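Spelled out, the chains give:
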Amino acid sequence: RTRTLSLSRWPRCAVTRHPTPRALQRATPQTVPRPRSPIVQPVSMRTAVALLALPALASCFSVPRHTPTRALSGTSLRRTRGPAAIAMSEESPDLTARKPRPKYIPGRIDDPDYVRVFDTTLRDGEQSPGATLTSSEKLEIARQLAKLGVDIIEAGFPIASPDDFEAVKQIADVVGNEVFDDGYVPVICGLSRANEKDIQRSWDAVKGAKLPRVHTFIATSPIHMESKLKKTPDEVVAIAVNAVKFAKSLGCDDIEFSPEDAGRSEPEFLYRILAEVIKAGATTLNIPDTTGWNMPWEFGGLIKKLRDNVEGSENVIFSTHCQNDLGLSTANSLAGAMNGARQVECTINGIGERAGNAALEEIVMAIALKGDTHFDEENGGQMGTGRIYTAINPVYISPTSRMVSEYSGMICQPHKAIVGNNAFRHESGIHQDGMIKNKNTYEIMTPESIGLMRGESESGAGIVLGKHSGRNAVSTRLAELGYELDPEKLNAVFDRFKIVAEKKKGGLEDEDLEALVSDTAFSSEEHWQLSDLQVTTGMSGIPTATVTMVGPDGVGRFVAATGEGPVDAVYKAIDRLIGVKLNLETYGMQAVTEGIDALATTRVTVSPMSDSNFMATAIHSQSGNNKVRTFSGSGSDGDVVVASARAYVSAINKMITWNKRRAAQAEAEEGAAKSAKIAAVAMEN
């Protein structure tokens, strides 16, 4: 089995270029009650397929459209939502299905437990150094965010450039008008500074959406007002009020105001300026911890103070916008929600200025897992019943993360929470043993719940077969791959596995393991074993190889040889050490998996020379003529020279085994002939 390196593991959407998990190709009905239970383990892929085969259940699923119907037929806009995760266990509702959300009303949420998700990936996220998105990429990301179910998409900063304006306008005109079957359509927001030119440009960009919003801001901390704005507090209040009034005069009834650097602003000044913008028409008050300065208890306390002391606070939605300079953005956002904030601003993968923003996936999954139990009055909750929730469909988290990473060029670190490559992988032998027995031992959520279809691979437990893996993990995976090995062969494979795993970073994949099985358990009798190999080569020197091998007598021997290249030198040394004369008929090498540290599998075909002690001939089945027999061998290793040597030795061992068997047969035939002759003589006598 070989992997075609140019192909993705995911099937690709017919319209967009981003990967789409198979699970997302099915959609469930929209009449799903709001679940209130922690995420539990899903049933297996095979079970889900079997369930879908039942007529009564099959009728509940449909194929989601990845483009609006209008784009295909010119009819009315309708899109099928695709929560499409594998069904959860019977005792708990499916948290991967998108939950119903309260009807969107600017400045009001009818359910006090509902938390709006404001995504600013396309605006603040794009401000990450090196993160540049084209207009078409922004549109695709916006569509994916709509599938994810975010309440508000901050599409950009329209005044920044004509291209930014057109990108925001396109998102507003397209995504902002794609209404899903349950009536959901995202709010499209444009950012502006607190001046008329910016606000006009922002409104012109977003007004084509069904639910447009203008977001305006001005700094309110002493250091910003004095050093950057060079304005007095009174002047800042006047600018803020005029900005909100101007947006209102344009016909915008959904206005968000942010006091920049609120985390370092004087609370009393915040009370004043926020009360004034509420009177002017602001519907959402966003409280930014612009520099990531606050501790969670400070930021949560600030939200509570503002709700208690700002005149008219009951008529607006309080929002959080937390930077990650101290690694506390998610914690601060959740502290804000604990104290009554009902909008959280975040980005996919946490990308953004400097150390980034609060990560959407972290906030959403924290609320999904803890929203029912950890935000009530007993735990310090300040609003509603304490059972907060969002309407995010988490099975779109993984594909959205990958899309943003691919388009922005901002690669997630492997250990990034929720979406990092290692987030659901387990290499420690102790952890792997626990995962094999019960996945809940080391996972608080399933990868399937965020759209990462682990399926039947990796033992269904996210196991990474690496240097810390135990025999149980290796044998379990081999059994799942269909290899039932006796203890002796399993030991041989495991010993070889440990050697390779010491050198290969990132663990071994199924193909690597199968290569080792072919190289070890299914290899011929090892008359000669490769013990050590040292090679010196370069452009100015003569390639030299020193090879150490253990022979059939158990004695180690070594020899050095030179050649045209390192592999040629190794092969000549092996020939000299074993005492064979061979022709190298074919030589081929390929990577088992992708990556610079991938295992290399080498395959060779050799034939003995005419004057070799191991001459082997065979009769051609069609011509009846004798021909020189060839022997093939394969070897795998992270070092291509070692892999080549192992393949060559494997072929030689096959040749030796064939010759020994041939010699034994000849001896048996000769003995039988002698016995027959003796018997014939005896009969004559």
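Below you will find a few notes about this structure. Since we're looking at a predicted model, the values are computed, not measured.

1. Some thoughts on the overall build of the protein chain
Stage number 1. Regarding its fold elements, the protein chain presents 19 helices and 16 strands.
Stage number 2. Counting the 685 residues in the protein chain, one finds 53% classified as buried.
Stage number 3. Contacts in the protein chain between residues far apart in sequence, at least 24 positions, make up 69% of those at least 6 positions apart.
Stage number 4. When the accessible area of the protein chain is evaluated, it comes to approximately 30,600 Å², of which 52% is carbon and sulfur surface.

2. Notes on helix α6 (residues 196-206)
Stage number 1. Along α6, the positions that sit buried rather than exposed are D198, I199, S202, W203, A205 and V206. Down the axis of α6, the buried set is contained in an arc of 160°. They therefore lie on one face. Exposed side of α6, more than 90 degrees from the buried face: E196 and K197 are the residues found there.
Stage number 2. The N-cap residue of α6 is N195: its side-chain oxygen and the backbone nitrogen of K197 are 3.2 Å apart.

3. As for helix α16 (residues 487-503)
Stage number 1. In a regular helix each residue adds 1.5 Å, so 17 residues correspond to 24 Å; α16 covers 25 Å between its end C-alpha atoms and thus fits that length.
Stage number 2. Taken together, the buried positions of α16 are L490, V493, F494, R496, F497, V500 and A501.

4. As for the pairing of strand β11 (residues 556-562)
Stage number 1. In this sheet, β11 lies alongside strand β10 (residues 544-550) in antiparallel orientation, the contact comprising seven bridges. Note on β11: the bridge partner recorded for V550 is G556.
Stage number 2. Between β10 and β11, which pair antiparallel one after the other, the connecting turn spans five residues, and G554 there sits at a positive phi close to 80°.

5. Here we look at the packing of aromatic side chains
Stage number 1. All chains considered together, the criterion is met by four aromatic pairs.
Stage number 2. Ring geometry for F180 versus Y184: centroids 5.4 Å apart, planes at 40°, classification tilted.
Stage number 3. Sitting over the face of the ring of F165, R201 holds its NZ or CZ atom 3.7 Å from the ring centroid.

6. So, the packing of α6 against helix α8 (residues 233-249)
Stage number 1. Two elements in contact, α6 and α8, have axes whose closest approach is 10 Å; the angle formed by their N-to-C orientations is 35°. Between α6 and α8 the crossing geometry is right-handed. Residue-level inspection shows E196, I199 and Q200 of α6 in contact with α8, the latter providing A243, F246 and A247.
Stage number 2. Per-class residue counts for the contact of α6 with α8 are four nonpolar, one polar and one charged.

7. Considering the sheet that holds β10
Stage number 1. Judged by pairing direction, the sheet is antiparallel, and its three strands sit side by side in the order β9-β10-β11 without closing on themselves. The sheet is open, and its two edges are formed by β9 (529-536) and β11, each paired on a single side. Pairs of neighbouring strands in the sheet enclose a mean axial angle of 15°, with direction left out of account.
Stage number 2. Across the sheet, helix α18 (residues 566-578) lies against β9, β10 and β11, angled at about 135° from β11, the strand it touches most.

8. A closer look at the pattern of salt bridges
Stage number 1. Throughout the structure, instances matching the rule amount to 24 salt bridges.
Stage number 2. Taking the shortest distance from any N to any O, the salt bridge between D164 and K138 comes out at 3.4 Å. Taken together, the residues span a long stretch of sequence, with D164 in helix α5 (residues 162-174) and K138 in helix α4 (residues 135-148) at a distance of 26 residues.
Stage number 3. D164 gets classed as buried once you look at its relative accessible area, which sits at 16%.
Stage number 4. Here K138 falls in the buried class, since its relative accessible area comes to 2%.
Stage number 5. Here E276 makes a salt bridge to K279, at a shortest N to O gap of 3.7 Å. Placement of both E276 and K279 in helix α9 (residues 267-280) is noted, with a separation of three residues, approximately one turn of the helix.
Stage number 6. When its relative accessible area of 55% is taken as the criterion, K279 is described as exposed.
Stage number 7. When salt bridges with common partners are traced through the structure, they connect R123, D124 and E154 into a single cluster.

Here is what the cut-offs are and how they apply
Residues numbered from 1 in each chain as written. Predicted model: local features only at pLDDT ≥ 70, side-chain atom pairs only at ≥ 80, totals over all residues. Heavy atoms only, no water. Helix = DSSP H or I, 4+ residues; strand = E, 2+ residues; numbered from the N terminus. Buried < 20%, exposed > 50% of the residue type's maximum accessible area, 1.4 Å probe, protein only. Contact = heavy atoms within 4.5 Å. Areas by Shrake-Rupley, 256 points an atom, 1.4 Å probe, with all protein chains shown as cover. Arc of directions from axis to C-beta. Polar contact = N/O pair within 3.5 Å; in protein donor to acceptor, adjacent residues only side chain to side chain. Expected span 1.5 Å × (residues − 1). Pairing = 2+ DSSP bridges. Phe/Tyr/Trp six-rings, centres within 6.5 Å; stacked < 30°, edge-to-face > 60°. Lys NZ or Arg CZ within 6 Å of the ring centre and 35° of its normal. Axes fitted to C-alpha atoms, helices over the stretch in contact; angles between N-to-C directions. Left-handed = near helix turned anticlockwise from the far one by under 90°. Nonpolar A, V, L, I, M, F, W, Y, C, P; charged D, E, K, R; others polar. Salt bridge = Lys/Arg side-chain N within 4 Å of Asp/Glu carboxyl O.

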